[in-house]
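# Close look at the chain arrangement
The lines below spell out each chain.
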Amino acid sequence: MPELPEVETVRRSLETQCVGSVVLDAQLNCPGLRWPFQDDFLQRLEGCRISKLDRRGKYLLVHLEGGDALIVHLGMSGTITIFDDGPGQLRPHDHVVITMEDGRLLIYNDPRRFGSMEIVSAGDLESHRVIGRLGPEPVAADFDAFVLATALQGRRCSIKSALLNQHVVAGVGNIYACEALHRARISPRVLAGSLATSSGKPTPRCRRLAPAIKSILLSAIAAGGSTLKDFAAPDGAVGAYPSSFRVYGRDGLRCRRSGCSGVIRIFTQQGRSTFACPRCQRS
DNA sequence: CCGCGGGCCTGAGAGC
DNA sequence: TGCTCTCAGGCCCGCG
């Protein structure tokens, strides 16, 4: 579910509501998410004050005073919700329940359990087996056609697959890959390496794609992300970005590019649905 | 190293 | 109504 804009929406909400708060205790209601919880997970969490909220790609980084960081991934169906008062009745799949010193509850719910939580030393984040290998951050100020070209160089998969590869660009998922390729007028099927460089410079397509990725993601963040079914910010707000979709979920509908009379088509690439306009995304 | 296909889970919706 | 089937925003793993 959550791609970069949704995780950033969660990060901003938690930053406002939780920085400075202290974890009183935590409760685990299943053996693990994608992997079993660490043996010392609760001990390292309880009693810690939350000092900072960062994000890297689709990973939320919750910094704790004392030097640890909690790495959270929401998988396909994970949500974090803050409840102001009382325990009440837990819902199905409320796998991690954190009680703050002020009485608020921070609950991680994840029906499919594709998410993950891990506590590491903050100093080890850069060398972390996953975090340390992520590609460039597409909403960073220095992300441009040169950075993208370097990441795509030599890739022999389709550009759609390359964008979904977190080692190439961090944070792009199926929705925003489709949307960015449409905005840049690039066919999802073209060879990724073919739009890297030409005589040492980023190709014209690469020079369209890099800003397209960035502006799509920034617009989606500004809209609070995309709620398809179950995504919501910790305060319950849903994401408004789906009303801006130009291709995702629009199979059989008219292309929304002005002047284009194409019809959006759906097809499968590496087991994932791709939506594209065959008329304005021809090469 | 790279790319691909299967698997991991539950729930919603379509079709019968 | 209820059953079965397919599909979903992601990523890890083993294989070639």
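Notes on the structure follow. (Residues numbered from 1 in each chain as written. Chains lettered and ligands numbered in written order. Predicted model: local features only at pLDDT ≥ 70, side-chain atom pairs only at ≥ 80, totals over all residues. Heavy atoms only, no water.)

Below, the discussion takes up the pattern of salt bridges. Summed over all chains, the structure comprises 14 salt bridges. Taking the shortest distance from any N to any O, the salt bridge between E8 and R12 comes out at 2.8 Å. Placement of the pair is E8 and R12 together in helix α1 (residues 4-18), with a separation of four residues, close to one helical turn. Accessibility expressed as a relative area gives 7% for E8, which makes it buried. Looking at R12, the relative accessible area reads 42%, which means it is partly exposed. As a salt-bridge pair, D230 and K229 come within 3.7 Å of each other at their nearest N and O atoms. The class for K229 is exposed, based on a relative accessible area of 72%. Each of E8, R11, R12, E15, R55, R56 and E137 takes part in salt bridges that share partners, so that together they form one network. (Salt bridge = Lys/Arg side-chain N within 4 Å of Asp/Glu carboxyl O. Helix = DSSP H or I, 4+ residues; strand = E, 2+ residues; numbered from the N terminus. Buried < 20%, exposed > 50% of the residue type's maximum accessible area, 1.4 Å probe, protein only.)

Taken N-terminus to C-terminus, the directions of α1 and helix α6 (residues 204-222) make an angle of 40 degrees; their axes are 9 Å apart at the nearest point. With respect to each other, α1 and α6 are oriented oblique. Every pair of crossing elements has a handedness; the one defined by α1 and α6 is right-handed. Of α6, the residues touching α1 (which contributes L4, P5, E8, T9 and R12) are L217, A220 and I221. Split by residue class, the contact of α1 with α6 holds five nonpolar, one polar and two charged. (Axes fitted to C-alpha atoms, helices over the stretch in contact; angles between N-to-C directions. Parallel < 35°, antiparallel > 145°, perpendicular 65-115°, else oblique. Left-handed = near helix turned anticlockwise from the far one by under 90°. Contact = heavy atoms within 4.5 Å. Nonpolar A, V, L, I, M, F, W, Y, C, P; charged D, E, K, R; others polar.)

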